[in-house]
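Reading the structure
Each chain is listed here by its residues.
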Amino acid sequence: AKAEFDQRICYYEREMDEQARQRRAMARDLWTAVEENAFTLAYQVQKSISSGHITGYEVLLRWDRPGFGPVSPAEFIPVAEECGAIYAIGAWVLKTACEDAATWPEPYKIAVNVSGLQLAQFELVDMVKMVLMQSGLAPGRLELEVTETAIIADKKRALAILSQIRSLGVQIAIDDFGTGYSSLETLRSFPFDKIKLDRSFMSEVETNEQSKAIVRAILALGRSLRVPVLAEGVETRAQLDVLRDEGCNEAQGFLLGRPGRIDWADMLELPLRA
Ligand code: C2E
Ligand code: CA
Ligand code: CA
Ligand code: CA
């Protein structure tokens, strides 16, 4: 048994080494991607549920890793945070997204994801100021999406940074709402401009009364705090119907549009088709 145990430990150690090696390799490739400007941005539409009108677009980072193909940001962002590349990447995303949005024929909002590490640095405030000035984007068109876990790391500092950014006229949305362990506490300590209901609630909202009750409660919370709620991950007509019935303000998800390029020509034709 001892030999078997030793063998197993040895196996795990090799597994760990292998994982660490893969993360290091990915970190190296991320730094190269930063230098070579190899990232791209995809935009996913957000719409008002009552009017059906576009309200904005969320910016989602895309990376085609040489030799591997497209890698999900859910996979590479944690590595970028670990190796510090997130600061350069985050700065690039913010700058590029604002420059793009400033050229759009319509003044839609642009929602940019911000990492918890960025939220720990007061430099973020100056960066936002600078990017707004250089791009000429109206501050009210920029929205930063922050998660509760990002805020919790150093709460006082994060909230101070957020309120400085908010005083510029930039909007702050709380992302993945309902998955954190202190959602209500976070909501109480900062005047968010939007609540983004996590997409995990969507999968069962039509079938599971429990999930539906939670969604209903969060929407009621948003109403009493006068904070609009956007539902993420809306994939079916039935989900959208429930959200409409329950008074949800906005929706985002594959049903409304996949992340990608914005086709303005296509959009102009929309009213004619309806
Ligand atoms: P998130 O902020 O919650 O972004 C929404 C994710 O849900 C995106 O995945 C999007 O493609 C996906 N999604 C949208 N609609 C649907 C739907 O109807 N069904 C399903 N199943 N999924 C849907 P993506 O692009 O892979 O991004 C994953 C995560 O990576 C994001 O989650 C965000 O936390 C992070 N991320 C993406 N871009 C950035 C960035 O520029 N900076 C930072 N710090 N994080 C980013
Ligand atoms: Ca987000
Ligand atoms: Ca989210
Ligand atoms: Ca998420």
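All residue numbers refer to positions counted from 1 along the written sequence of the respective chain. Think of it this way: whatever chain is written first is A, whatever ligand is written first is 1, and the rest follow in order. Two thresholds apply to this predicted model, a pLDDT of at least 70 for residue-level local features and 80 or more for giving and counting side-chain atom pairs, whereas whole-chain, interface and lining totals are computed over all residues. The basis for the side-chain values is all heavy atoms of the structure; hydrogens and waters are excluded.

Taking an unreviewed UniProt entry as the reference, the chain is identified by name as Cyclic di-GMP phosphodiesterase Gmr belonging to Devosia equisanguinis.

Donor atoms (N, O, S) are those found within 2.8 Å of the metal centre, with the cutoff raised to 3.2 Å for Na, K and Ca; water is not part of the atom list, so apparent gaps in a site can occur. Coordination of the calcium ion (ligand 3) by the protein involves Asp175 (OD), Asp176 (OD), Glu232 (OE) and Glu232 (OE), with metal-donor separations of 2.2 to 2.6 Å. Sequence positions of the donors to the calcium ion (ligand 3) reduce to the motif D-D-x55-E. Accessibility here uses a 1.4 Å probe with only protein chains present; expressed as a share of the type maximum, an area under 20% marks a residue as buried, one over 50% as exposed, and anything in between as partly exposed. For Asp176, a relative accessible area of 26% puts it in the partly exposed group.

As a further point, take the site of ligand 1. The cutoff for a nearby residue is simple: one of its non-hydrogen atoms must lie within 4 Å of the molecule or strand. The environment of ligand 1 is made up of 22 residues, and the closest members are Gln44, Arg62, Asp175, Glu235 and Phe254. Polar contacts here mean pairs of N or O atoms no more than 3.5 Å apart (in protein, one a potential hydrogen donor and the other a potential acceptor; neighbouring residues in sequence count only if both atoms are side-chain atoms). The separation between an oxygen atom of ligand 1 and a polar side-chain atom of Arg199 is 3.4 Å. The protein chains hide 83% of the 800 Å² of surface that ligand 1 would expose on its own. Here a strand is any run of E in DSSP of at least two residues, a helix any run of H or I of at least four, and the numbering for each starts at the N terminus. Counting only elements with at least two residues in the shell around ligand 1, the list comes to β2 (54–65), α2 (73–83) and β6 (171–177). The greatest single-element share of the shell around ligand 1, amounting to four residues, is contributed by β2. Its residues assigned to classes, the shell around ligand 1 comprises nine nonpolar, six polar and seven charged. Accessibility throughout is a Shrake-Rupley quantity obtained with a 1.4 Å probe, and a residue counts as covered only by protein chains that appear here. Three classes are used: nonpolar for Ala, Val, Leu, Ile, Met, Phe, Trp, Tyr, Cys and Pro, charged for Asp, Glu, Lys and Arg, and polar for all others, with Gly counted as polar.

Further remarks concern the pairing of strand β7 (residues 194–197). One face of the sheet, then the other: side chains in a regular strand alternate in exactly this way. Neither face of β7 is open: one carries Lys194 and Lys196, the other Ile195 and Leu197, and all of them are buried. Strand pairing follows a simple DSSP-based rule, namely that at least 2 bridges must link the two strands. One ladder, built from three bridges, connects β6 with β7; its direction is parallel. Of the residues in β7, the one forming a bridge with Ala173 is Lys194. Relative to strand β8 (residues 229–231), β7 is paired through three bridges, and the arrangement is parallel. Residue Leu197 lies in a different strand from β8, and its bridge partner there is Ala231.

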